[in-house]
Amino acid sequence: MLQWGLTMAEGRTLEQGRALPWAFFRLSPFPQIALRVMKMVSKEEASMFKLAEVISSDPAFAMELLTIANSPLFAPRYPATNILDAISRLGTKNIQGICLTVAVRTYLGKSLNFPAMKMIWNHNLATALVSEQLALAFSLNKDDAYTAGIMHDIGRLAMASIKPREYAELLEKFAGPAEAILGAEESLFGFDHCEAGRQLTESWNLPDEFAAIVGGHHHDFPVSPGALDWPMQALVHLACSMTDAVGFAAFKHCQVPKCDALYGLLPERAANHFPTEEQLKNLVSEKIRSVQHP
């Protein structure tokens, strides 16, 4: 597994896939505060007081979290003035996905000012929100689904951060299906964004399931339309397609799937608990505005 501080030669000793060029690992380290929070929540060691203590140790991170807690996303009736109030409003489980959102945004930093990067970031946010809605319909863990959605295209975000102009041109040029984009990424970088994301999540010591989701979200999944036991990778794959279908594609000219066909994949029980196309579009638009990068 890659660690910060290795040489480029050492960074090419991964057993699986092709190692990323060193430029990817010159980006800012993934915020450790987010990793600590995720581990605390996943191990159910997270009292609100302990979480507040850990998050407050990083003032910049704490301020971002407080801003989200006071945003229209959570319809506050009164302002949260400290991190303990914010955690109480957000909930200890929900805090994991939100901390990861803040962490990814912090990791990307000023590169989010590039138009292509902002478009990809909005696509990630939208996919996280649609994943959350699908998880609710399938009676799966919505917090895990949101977190998986926010991470799924981290490789694409890293590519756009390393070569913003070249990658923006790539996204404009290749207007076909996902396979065309993956092939174009191979030509430009030597690997596609799935492989880039897999290696980044491993280098950050994120849980193995994130590496699987990030590295495999463009795979075909043998899921029957009526089944309720979808794996998280398949759910994120469907959420990604729905995100494109309701107008939040990562690039402008891709072949957008039809919502009717995607809704047809949902079993009846899940479909009955899922927003309509218009409701989903409005919900995603409103929530993206609420957590938009300042």
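Provided above is the structure to which this section pertains.
Residues numbered from 1 in each chain as written. Predicted model: local features only at pLDDT ≥ 70, side-chain atom pairs only at ≥ 80, totals over all residues. Heavy atoms only, no water.

Student: With reference to specific residues and values, describe the overall build of the protein.
Tutor: Regarding its fold elements, the protein presents 16 helices and 0 strands. With 294 residues in all, the protein has 51% of them scored as buried. Counted over contacts in the protein with a minimum sequence separation of 6, partners at least 24 positions apart contribute 67%. Approximately 13,500 Å² of the protein is accessible, and the part contributed by carbon and sulfur atoms is 54%. (Helix = DSSP H or I, 4+ residues; strand = E, 2+ residues; numbered from the N terminus. Buried < 20%, exposed > 50% of the residue type's maximum accessible area, 1.4 Å probe, protein only. Contact = heavy atoms within 4.5 Å. Areas by Shrake-Rupley, 256 points an atom, 1.4 Å probe, with all protein chains shown as cover.)

Student: So what's going on with the environment of glutamate 195? Residues and values would help.
Tutor: Tracing the chain through its elements places glutamate 195 in helix H11 (residues 193-203). For the pair glutamate 195 and glycine 216, spaced 21 residues apart in sequence, the C-alpha separation works out to 8.6 Å. At a separation of 2.8 Å, a polar atom in the side chain of glutamate 195 contacts the side chain of arginine 198. (Polar contact = N/O pair within 3.5 Å; in protein donor to acceptor, adjacent residues only side chain to side chain.)

Student: Tell me about the packing of aromatic side chains, and name the residues and values.
Tutor: Within the structure shown, the criterion is met by 3 aromatic pairs. A centroid spacing of 5.5 Å and a plane angle of 75° characterise the contact between tyrosine 263 and phenylalanine 274, whose relative ring orientation is edge-to-face. You can see tyrosine 263 sitting in helix H14 (residues 259-263) and its partner phenylalanine 274 sitting in the loop between helix H15 (268-271) and helix H16 (277-290), a full 11 residues away along the chain. Among the aromatic side chains, those forming a connected cluster through ring pairs are Tyr167, Phe189 and Phe191. The aromatic ring of tyrosine 78 is capped on one face by arginine 89, whose charged end is 4.9 Å from the ring centroid. (Phe/Tyr/Trp six-rings, centres within 6.5 Å; stacked < 30°, edge-to-face > 60°. Lys NZ or Arg CZ within 6 Å of the ring centre and 35° of its normal.)

Student: Tell me about the packing of helix H9 (residues 164-173) against helix H10 (residues 178-189), residues and numbers included.
Tutor: Interaxial distance between H9 and H10 falls to 10 Å at its minimum, and their mutual angle equals 150°. Comparing the axis directions of H9 and H10 gives the class roughly antiparallel. For the pair H9 and H10, the crossing hand works out as right-handed. Contacts between H9 and H10 involve Glu166, Tyr167, Leu170 and Leu171 from the former and Ile181, Ala184, Glu185, Leu188 and Phe189 from the latter. Looking at the contact of H9 with H10 residue by residue, the class counts come to 7 nonpolar, no polar and 2 charged. (Axes fitted to C-alpha atoms, helices over the stretch in contact; angles between N-to-C directions. Parallel < 35°, antiparallel > 145°, perpendicular 65-115°, else oblique. Left-handed = near helix turned anticlockwise from the far one by under 90°. Nonpolar A, V, L, I, M, F, W, Y, C, P; charged D, E, K, R; others polar.)

Student: Which residues make up the side chain of threonine 147, and what values go with them?
Tutor: Mapped onto the elements, threonine 147 comes out in helix H7 (residues 142-151). Residues contacting threonine 147, with those up to four places away along its chain left out, are Met38, Gln96, Gly97, Leu100 and Phe210.

Student: Break down the pattern of salt bridges for me, citing the residues and quoting the values.
Tutor: Applying the stated criterion to the full structure yields 6 salt bridges. Ionic pairing is found between aspartate 153 and arginine 156, a salt bridge with its closest N-O pair at 3.2 Å. Its relative accessible area of 1% is what places aspartate 153 among the buried residues. A salt bridge links arginine 198 to glutamate 195, with the shortest nitrogen-to-oxygen separation between them at 2.8 Å. Taken together, the residues span about one helical turn, with arginine 198 and glutamate 195 both in helix H11 at a distance of 3 residues. Here the two residues arginine 198 and glutamate 195 agree in accessibility, since each one is buried. Through salt bridges with shared partners, a single network forms among Asp153, Arg156 and Glu185. (Salt bridge = Lys/Arg side-chain N within 4 Å of Asp/Glu carboxyl O.)

Student: Provide a residue-level description of the nonpolar core, including the pertinent values.
Tutor: Counting 87 residues, the largest nonpolar core has Phe30, Ile55, Ile95, Leu134 and Met151 as the members making the most contacts within it. Leaving out residues up to four positions away in the same chain, leucine 134 has contacts with Leu235, Leu238, Ala239, Met242, Leu266 and Phe274. (Core = buried A, V, L, I, M, F, W, Y, C linked by side-chain atoms within 4.5 Å.)

Student: Give a description of unusual backbone geometry that names residues and reports values.
Tutor: Positioned with a positive phi, serine 139 is a non-glycine residue whose angle comes to about 60°. Secondary-structure assignment places serine 139 in the loop between helix H6 (115-138) and H7.

Student: Please give an account of H9 that cites residues and values.
Tutor: Along H9, the residues classified as buried are Tyr167, Leu170 and Leu171. Axial view of H9: buried residues confined to an arc of 95°, hence all on one face. What points out from H9, more than 90 degrees from its buried face, is the exposed set Arg165 and Lys173. Elements that come into contact with the buried residues of H9 comprise H6, helix H8 (154-162) and H10. (Arc of directions from axis to C-beta.)

Student: Summarise H10; cite the residues concerned and give the values.
Tutor: For H10, which comprises 12 residues, the first-to-last C-alpha distance of 16 Å matches the rise-based estimate of 16 Å (1.5 Å per residue) to within 8%. Listing the buried residues of H10 in full gives Ile181, Leu182, Ala184, Glu185 and Phe189. Looking straight down H10, one finds its buried side chains confined to an arc of 160°; they lie on one side. The exposed set on the far side of H10, more than 90 degrees from its buried face, consists of Glu179 and Ser187. Tucked into the core, H10 has its buried residues touching H8, H9 and H11. The positive-phi residue at the C-terminal boundary of H10 is glycine 190, with phi of around 95°. (Expected span 1.5 Å × (residues − 1).)

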